[in-house]
Structure formats: structure tokens, C-alpha cells
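# Coordinate analysis (summary)
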Amino acid sequence: KGAFDVIVVLGAALGPEGDLGPLLAERVLAGVEAWREGRAPLLLMTGRYEAELMKRRALKLGVPAAAVLVETEALTTRQNATGCASILRAHGLRRALVVTQAFHRARAVATFRRAGIGAEALAFEGMPVRLRTRVREVVARAAYRARGWS
């Protein structure tokens, strides 16, 4: 068994046709690959509009349904963390490998830790992201710190 209880794959924007957008598809694939490597026995997909689609993609990639949990209320990183923390506690799980792109990892991990989860980020090589996305993340980090969320 891996060092983690669960691999948490954070939601992201859906594509224009309602399918997985490129960042989201990349996250799901990275999470499934980590699961295949035995990093954790379970996957947890999180996001109000995307979690079920993420699960469906994981199943298509060969993950058994019993190994995929979903959190379907979150709209923000903080809600991802608090919603997943409740699910993890209900299952007696404590250590999470969090899957998101490099620009988002520091805030995501800090937010999960603030919610009481022993979180680490999965390192994977992601596609380049737009400057606007990176600037938005800098603003979000400052806002989360100011509110005590991370």
C-alpha cells in the first residue's frame, strides 16, 4: 500500500461541450496514473459540476467504481478541502495526495492542511498555463491567507 489513504483530484473548468476541459482531463489522468502506481487505494473526485464526469473518465481508464469516491458540492478550493475532509473523516482516512497543476498546488495543499487533512501535492509535468491563470492564483493565494483559509 502507498503512503497515502486517498488521491484527491481537484475539479476545474469543464470544456465548452460540457466535457472535461484540458486542465481537468490532465488532473484526472495524473490521479489515475498515481492510483495505478499504488500511491493510494482510493481516488476522490471533487467539484459540484465535474466530479461525476471525472469519475466516469477514471472508470474508462480502468479504475473500478468501488475505488472512486465523489464530492459533489464544492465550487472553490476551500470547499474542495472542507467537503473532502468530511468524506475522509467519515471513512477514517487522513493522508491525501492532492492532484492539481503546479500553479495551484501550494494553495490547495495549505487549504487541505488547514481543514485537518495530512496533504501533499502530486508532482506531475503539466501543460503550460496562461498568464491570466497564474495572476488569478496569486490573488487567490493572498485572499485565502487573509481569510485564514490556508
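These figures come from a predicted structure and were not determined experimentally.

This part is about the overall build of the chain. Across its full length, the chain carries five helices and five strands. In the chain, the succession of helices and strands from N to C terminus is β-α-β-α-β-α-β-α-β-α. Taking 2.2 N^0.38 as the reference for a compact globule, 150 residues should give roughly 15 Å; the C-alpha atoms of the chain span a radius of gyration of 14 Å, in line with that estimate. Counting over 150 residues, the chain shows a buried share of 47%. For the chain, the proportion of contacts with a sequence separation of at least 24, taken over those separated by at least 6, is 71%. Entry remark: accessible area of the chain is about 7700 Å², with carbon and sulfur atoms responsible for 54%. Between the centroid of the 24 positive side chains of the chain and the centroid of its 13 negative side chains there is a distance of 6 Å.

Attention shifts here to the pattern of salt bridges. Considering all chains together, one arrives at two salt bridges under this definition. Between Glu73 and Arg48 there is a salt bridge, and its shortest N-O distance comes to 3.8 Å. In this pair, Glu73 sits in the loop between β3 (68-71) and α3 (77-90) while Arg48 sits in the loop between β2 (43-46) and α2 (51-60), placing the two residues 25 residues apart along the sequence. Where Arg113 meets Glu120, a salt bridge forms, and the shortest distance between an N and an O atom there is 3.2 Å. The partly exposed category is assigned to Arg113, whose relative accessible area is 45%.

With that out of the way, let us pick up the packing of aromatic side chains. A full pass over the atoms with the stated rule returns one aromatic pair. Above the ring of Phe124, the side-chain terminus of Arg105 is found at 4.8 Å from the ring centroid. Positioned above the aromatic ring of Tyr144, the side-chain terminus of Arg107 is 4.6 Å from the ring centre.

Attention now moves to the sheet that holds strand β5 (residues 118-121). The parallel open sheet is built from five strands, whose spatial order is β3-β2-β1-β4-β5. Of all the strands in the sheet, just β3 and β5 have a single pairing partner and so form its edges. Each strand axis lies, on average, 25° off the axis of its neighbour in the sheet, ignoring direction. Taken together, the four bridges between strand β4 (residues 95-99) and β5 define a ladder with parallel strand orientation. Its bridge partner lying in β5, Ala96 is registered against Ala119. The strands that helix α4 (residues 102-114) touches are β1 (6-10), β4 and β5; relative to β5, the one it contacts most, it runs at about 170°.

The terminal C-alpha atoms of α4 lie 19 Å apart, and with 13 residues this matches the ideal 18 Å at 1.5 Å per residue to within 8%. Of all the positions in α4, only Phe103, His104, Arg105, Arg107, Ala108, Val109, Thr111 and Phe112 are classed as buried. Buried residues along α4 sit in contact with β1, α1 (22-36), α3, β4, β5 and α5 (131-147). In the stretch just after α4, Gly116 is the one whose phi turns positive, near 95°.

Criteria and thresholds
- Residues numbered from 1 in each chain as written.
- Predicted model: local features only at pLDDT ≥ 70, side-chain atom pairs only at ≥ 80, totals over all residues.
- Heavy atoms only, no water.
- Helix = DSSP H or I, 4+ residues; strand = E, 2+ residues; numbered from the N terminus.
- Rg over C-alpha atoms; globule rule 2.2 N^0.38 Å.
- Buried < 20%, exposed > 50% of the residue type's maximum accessible area, 1.4 Å probe, protein only.
- Contact = heavy atoms within 4.5 Å.
- Areas by Shrake-Rupley, 256 points an atom, 1.4 Å probe, with all protein chains shown as cover.
- Lys, Arg positive; Asp, Glu negative; His and termini not counted.
- Charge placed at Lys NZ, Arg CZ, Asp CG, Glu CD.
- Salt bridge = Lys/Arg side-chain N within 4 Å of Asp/Glu carboxyl O.
- Phe/Tyr/Trp six-rings, centres within 6.5 Å; stacked < 30°, edge-to-face > 60°.
- Lys NZ or Arg CZ within 6 Å of the ring centre and 35° of its normal.
- Pairing = 2+ DSSP bridges.
- Axes fitted to C-alpha atoms, helices over the stretch in contact; angles between N-to-C directions.
- Expected span 1.5 Å × (residues − 1).

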